[in-house]
Amino acid sequence: MTLPKAPPLKTQGIKTRLVPFIRSHIGTIGPGRWIEPFLGSGAVLFNMAPERALVADGNSHIIGFYRALQAGKIGPDRARRYLEREGERLARDGEAHYYRIRDRFNAAGDPLDFLFLSRAGFNGIMRFNRQGGFNVPFCRKPQRFSPGLISKICNQLAWAAARLDGRDWHFETLDWRASLAQAEAGDLVYLDPPYVGRHADYHTQWSETEADALAEALKRLPCRFAYSMWSANRHRENPHLAAHFAGYRVVTTSHFYHVGGTLANRNAMEEALVLGGPAA
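Residues numbered from 1 in each chain as written. Predicted model: local features only at pLDDT ≥ 70, side-chain atom pairs only at ≥ 80, totals over all residues. Heavy atoms only, no water.

Take the overall build of the protein next. The secondary structure content of the protein amounts to 10 helices and 7 strands. A compact globule built from 280 residues should have a C-alpha radius of gyration of about 19 Å, and the protein, at 19 Å, falls within 12% of that. A principal-axis box enclosing the C-alpha atoms of the protein has dimensions of 60 × 45 × 40 Å. Expressed as a percentage of its 280 residues, the buried residues of the protein come to 50%. Restricting the contact set of the protein to residue pairs at least 6 apart, pairs at least 24 apart contribute 70%. For the protein, the exposed surface amounts to about 12700 Å²; the carbon and sulfur share of it is 49%. If the 36 positive side-chain charges of the protein are averaged to one point and the 27 negative ones to another, these points end up 5 Å apart. (Helix = DSSP H or I, 4+ residues; strand = E, 2+ residues; numbered from the N terminus. Rg over C-alpha atoms; globule rule 2.2 N^0.38 Å. Buried < 20%, exposed > 50% of the residue type's maximum accessible area, 1.4 Å probe, protein only. Contact = heavy atoms within 4.5 Å. Areas by Shrake-Rupley, 256 points an atom, 1.4 Å probe, with all protein chains shown as cover. Lys, Arg positive; Asp, Glu negative; His and termini not counted. Charge placed at Lys NZ, Arg CZ, Asp CG, Glu CD.)

Inspection of every chain in the model, using the stated rule, returns 0 disulfides. Not part of a disulfide, Cys139 finds its nearest cysteine sulfur in Cys154, a span of 18 Å. On the accessibility criterion, Cys139 (13% relative accessible area) is buried. The buried category is assigned to Cys154, whose relative accessible area is 3%. (Disulfide = S-S within 2.5 Å.)

When we look at a pair of aromatic rings, we describe it by the centre distance and by the angle of the planes. Considering all chains together, one arrives at 20 aromatic pairs under this definition. Ring centres of Phe114 and Phe128 lie 6.5 Å apart, and the angle between their planes is 50°; on these two criteria the pair is classed as tilted. Placement of Phe114 in helix H6 (residues 111-120) and of Phe128 in the loop between H6 and helix H7 (147-164) is noted, with a sequence separation of 14 residues between them. Residue classification places Phe128 among the buried residues on the basis of a relative accessible area of 7%. Ring geometry for Phe225 and Tyr248: centres 6.1 Å apart, planes at 40°, overall tilted. (Phe/Tyr/Trp six-rings, centres within 6.5 Å; stacked < 30°, edge-to-face > 60°.)

Of all residues in the protein, 91% have pLDDT values of 70 or greater, and the mean over the chain is 92. Note on residues 259-265: pLDDT is under 50 here. Beyond four places in sequence and across chains, it has 17 contacts. (pLDDT = per-residue confidence, 0-100.)

Take the pattern of salt bridges next. A side chain with one charge can pair with a side chain of the opposite charge if their charged atoms come near. For the structure on display, the rule yields 13 salt bridges. Across the salt bridge formed by Glu172 and Arg67, the nearest N and O atoms sit 3.1 Å from each other. Residue Glu172 is found in strand S3 (residues 168-173), and its partner Arg67 is found in helix H3 (residues 60-70); the two are separated by 105 residues along the sequence. Looking at Glu172, the relative accessible area reads 30%, which means it is partly exposed. In this structure, Asp175 engages Arg177 in a salt bridge whose closest nitrogen and oxygen atoms are separated by 3.7 Å. Judged by its relative accessible area of 39%, Asp175 falls in the partly exposed class. For Arg177, a relative accessible area of 39% gives the class partly exposed. Via salt bridges that share partners, Arg85, Glu86, Arg89, Arg104 and Asp113 belong to a single interconnected network. (Salt bridge = Lys/Arg side-chain N within 4 Å of Asp/Glu carboxyl O.)

Spelled out as structure tokens, the structure:
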């Protein structure tokens, strides 16, 4: 089996290493669309590579980045020139240049500035304030964009672009309710929402009320679904799963997150995948 590959964007909770686990339990996608209401980094989508997909996120910058890649507006060659130029300025000016890029991105939303910030921000965190501004501080590594890292990012862009080529994928900035409303029999919905009970937001606030509403909406879908959620860590179990998915098939695996703002958020965790819907 092909080893999973990482996408060009980094977010907290990235699922690259969990793709084999997710793939083994989802099985065949089927003739319908893959619907993903919480795209995040895109790791699961790009590794699963369905032929047809409705891909959504509430973060317009993530959607805009992959739309730009899909349309050929950004790509490995342009990204290499950009990262070499901005990387040299970062090495020269340090955090002052990082904050210039951050201010520029918050004013104009350029997808390559977004890529830069996702790789030069503190501990790989993606976070926005209530006004929608990217507010992650500098990673304190002025030499961040070494030739090796730039080549790695460009290879990831090339891989993602190849996945997009010839596939019927539609990227939309949508609330999860609007995404689920488009599900039909034969589709497969994969969800990786912010983790309830943990500080894991990357764009909008995610409350227990929203998590509860999402869980109940899944039970009304006309198609299969696979729902990623944390199950337990060394301190406690997640009560959300027992409250909403008793009687559903729940499979688990152990995973360690390296991305996080504090050591407390980088502990080993038991990951769950809830499987439901017709013929699940």
